[in-house]
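Descriptive structure summary
These are the residues of each chain, in order.
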Amino acid sequence: MHSETKENFSHAFIWIIIVLGAVCGVFAIANFSAQSFTVEYLILTVCTLIFGSRIIVQIPRSKGRISVSDTFILLSMLLFGGEAAILLAGADALISSRRATKRNLYIAFNTAVFLLSTFSTVWILQFFFGPVEKLAFEKFSSKYLMVLTLMGSVQYVVNSGLVAIGVALRANKPIWKMWRENFLWTSITYFAGASAAGIIAKMSISLGLYAFIAIVPIIAVIYFTYCTYLKNVESISQQAEQAQLHVEELNKHIAEQARISNALKESEEHFRTAFDHAVGMALVTPNGQWSEVNESLCLLLGYKKEELKSKNFRSIIHSEDLGETLVKIQELLDNLINSFQMETRFYKKDGEIIWCLSSASVVRAETGAARHLVFQIQNISDRKFAEEQIRYAAFHDSLTGLPNRTLISDRMSISVERAKRSTDYKFAVLFIDLDRFKVVNDSMGHEMGDNLLIELSKRLKLCVRDADTVARLGGDEFAVLLDGIQNEHTAVEIAVRIQEHLRQPFDLDGQEFFTSASIGISFSTLGYNNPEDVLRDADTAMYRAKTNGKARHEIFDVGMHTRAVELLRLETELRQAIEKGEIVPHFQPIVSLPSEIVSGFEALARWERPDCRLISPTDFIPLAEETGLIVSLGMQIFRKSCNQLYQWQQKFPHEKPLTMSINLSARQFAQKDLVDEISKIISEAQIEPECIRIEVTESVVMDNAVSAIETLKNLKSIGVQLSIDDFGTGYSSLSYLHRFPFDILKIDRSFVSRMALDKDSRSIVETILALAGKLEKRVVAEGVETKLHKDLLSALSCDYAQGYLFSKPLNSSDAEEFLKSQLGHSDENIIGPSHANIEDSASLYAM
């Protein structure tokens, strides 16, 4: 009856766990965020389910084993959240259990235990530390260590505790005894898994999960090398123990030679068998002379037996390892240690150096005096070579062979600490970024880009001293650590030297290519505490060099950092403003001359903050260009402008409808889907394509004239009109004007504002108008602010004008009122697409 009750308790407990586990699984599925189901999470899931539970690392000299799947489950908890980890744990447990048993009840129980333990871990972590997916962003600190410790502890206690209870009830044994005997030692598995997950999570956040996946082959090499190493160590240990056993038996038989001569012979025979068939093995006298060597050792070192026995043991050990070896041998002879094992380099007969794992013990006479040493020697050169390759790959760039970010950071750490200790010691860091590197990749291919980086790395090394470090940080970014310089002038000289070397053309597969670099310099005199700050400030100075025209260097000062922080804050606010739709177009009328009747608008981006403060585009457009936000911002302004144009065309219908011109930035112009996106917006706004005027500056099309022609032709093919903005301020205006399919020229405000006082400016305006007339192009004059400007332009037969004389930029409601006032006092039709091609320019940049 008592046994029956225990069995009933066992079944009841199992079903309770299964039900609770099912609840946890359903809860995780219900709360699983679709945002967490990313490609990275899918890759981690596949790795866990296919490989994780099959890859086991045995902990030497214990029952413990570390399953990679435990690490992956805890890693998913840190990177993708609790629900993702619970689901992954359940799936892994289900698959693993099916390999271990065919009984569905036990499969369900094991799966439920994993679901419950992971569920408990997630909620306990959230209770003490907050959302688990944010914990990995903590710095390496005592708090982070507490997170990992608590993670491993809860997972271990709940998992092993539930299983121990279930097994104890089935076996009718005390629960505590069952847990202590069978599950206590498994704790190391969970803590090791939590530690590994914490480290990998940090790597994934710093380098990206794909960067972590990229080093998986190296991890695999380390894993299999480690497994092979464990097997070799185990094999050698077993052989050493066997040999030692025979030696001890031999000593006993020698001591009792008169009484047990038969046993002595048998022991000697056993020893000889082990000696002859073991890996490199030898007996060495206390003074270092070989007395016996086996065939394996002779083959390993390349000697014949007699040749090797004639040499002293010391003569074949590498000089750098000899001292430590002799110390260990003396400790063995003095009976301070029983044996030792160490990695030692040996000279082969032909002079080649090999790495070996040497194990040694001593055989003593009845008196206790050392008779000889027993050595076992195994070749581990392949393992050492693999370790060296892994170590090199971890600290060097695979393309150029230069030190990578990790290595130069280590060296900068040393320099920072040295500078703290000594005011006489100075160093500097140069942050180098190639100008126009993207042109090489886009026009000549990535292989040519790689060749350019290789050649650049060679030139950089020629520009510095042997004590300096040149490193590739990634892409086209390099850093140089100038160690122990006399003064700041030395760093400037090297920066100038680098620029001079870059002025020489690069030969890329028979084609000459010229490039330059923007260089930022930071000096140790600013007083740094860590290398990241040194590199950050050099990077900041480099961006200042790019902003100031490229192909130059800039020295970091504290003001740059303040500006960088301000830009970071502004970038964050800008992202939020774009998401909230705070950046809207304002509209400045474009009028027909001399009637001054509105023919269209120029839409100008304005940032309308919630506090009613209006931010000018000059304060945020350059930042949007630099960060790439200009693409989404530009399309947002484009869409709003088209929708507004549709509303006005419906309210003010005329034979020739209002039109809208829209300025494209350089980044927008380079987008591959630009034409399709513009066509889609125009179609959705229900306006005719010819009502839209696309404006681009000379510099945008001349940066890559070949691709620009193709893009402009594609834009023309969908029916829009094209305009050159700020005509006359760029380069090669006349030489390319006939090559590009432009319809409109916009005279820059700088010429218009000076034409009343400056004959040269007036002549330029006259020339542009005459040229436009010959080429049958329309002309818009920007920046008309006085009646004299308007009269002069009218006298020169200019088609259209815009400026503060007619109206400042207006929001949509004020612009509509302006239209009402214009159209309510005139019967003149609004100028349409067949007469004027510049009606309305939605510029992101114009004030």
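Read on for an overview of the structure. Not measured: the values here are computed from a predicted model.

So, about the state of the cysteines. A full pass over the atoms with the stated rule returns 0 disulfides. Looking at Cys 691, it has no disulfide partner, and the nearest cysteine sulfur is the one in Cys 642, 9.8 Å off. Residue classification places Cys 691 among the buried residues on the basis of a relative accessible area of 2%.

A separate point is the pairing of strand 21 (residues 744-747). Neither face of strand 21 is exposed, since Ile 744 and Lys 746 on one face and Leu 745 and Ile 747 on the opposite face are all buried. In terms of strand pairing, strand 20 (residues 721-727) meets strand 21 through 3 bridges, oriented parallel. When the sheet's bridge partners are listed, Phe 727 is paired in strand 21 with Ile 747. Relative to strand 22 (residues 778-781), strand 21 runs parallel, the two being bridged by 4 bridges. Note that in strand 22 the partner of Lys 746 across the bridge is Val 780.

This part is about empty space enclosed by the protein. A full pass over the atoms with the stated rule returns 2 cavities of 30 Å³ or more. Roughly 50 Å³ of internal volume is contained in the largest cavity. Considering every element that reaches the lining of the largest cavity, the biggest residue donor is helix 3 (residues 68-80), with 3 residues. Residue composition of the lining of the largest cavity, grouped by class: 4 nonpolar, 1 polar and 1 charged.

A separate point is helix 5 (residues 104-129). One turn of the α-helix equals 3.6 residues, which is why residues spaced by three or four share an orientation. Taking 1.5 Å per residue as the helical rise, helix 5 with its 26 residues ought to reach 38 Å, and the 37 Å between its terminal C-alpha atoms agrees with that figure. One or two residues past the end of helix 5 sits Gly 130, with phi positive at roughly 95°.

Turning next to the pattern of salt bridges. Tallied over the full model, the rule gives 35 salt bridges. With its nearest N and O atoms 3.0 Å apart, the salt bridge here joins Glu 320 to Arg 345. Of this pair, Glu 320 sits in helix 14 (residues 319-333) while Arg 345 sits in strand 5 (residues 339-347), placing them 25 residues apart in sequence. In this structure Glu 320 comes out as exposed when scored by relative accessible area, which is 60%. For the salt bridge of Arg 345 with Asp 321, the shortest nitrogen-to-oxygen distance reads 3.0 Å. Of this pair, Arg 345 sits in strand 5 while Asp 321 is found in helix 14, placing the two residues 24 residues apart along the sequence.

Right, let's talk about the environment of Phe 27 for a bit. Within the secondary structure layout, Phe 27 lies in helix 1 (residues 2-31). Phe 27 sits in the partly exposed class, given a relative accessible area of 30%. With residues up to four places along the chain from it excluded, the contact list for Phe 27 reads Glu 83, Phe 119 and Trp 123.

The rules we used
- Residues numbered from 1 in each chain as written.
- Predicted model: local features only at pLDDT ≥ 70, side-chain atom pairs only at ≥ 80, totals over all residues.
- Heavy atoms only, no water.
- Disulfide = S-S within 2.5 Å.
- Buried < 20%, exposed > 50% of the residue type's maximum accessible area, 1.4 Å probe, protein only.
- Helix = DSSP H or I, 4+ residues; strand = E, 2+ residues; numbered from the N terminus.
- Pairing = 2+ DSSP bridges.
- 1 Å grid on protein atoms, 1.4 Å probe; cavity = no way out; pocket = protein on both sides within 12 Å on 5 of 7 lines; lining within 4 Å.
- Points joined across faces, edges and corners; volume = space filled by probe spheres on them.
- Nonpolar A, V, L, I, M, F, W, Y, C, P; charged D, E, K, R; others polar.
- Expected span 1.5 Å × (residues − 1).
- Salt bridge = Lys/Arg side-chain N within 4 Å of Asp/Glu carboxyl O.
- Contact = heavy atoms within 4.5 Å.

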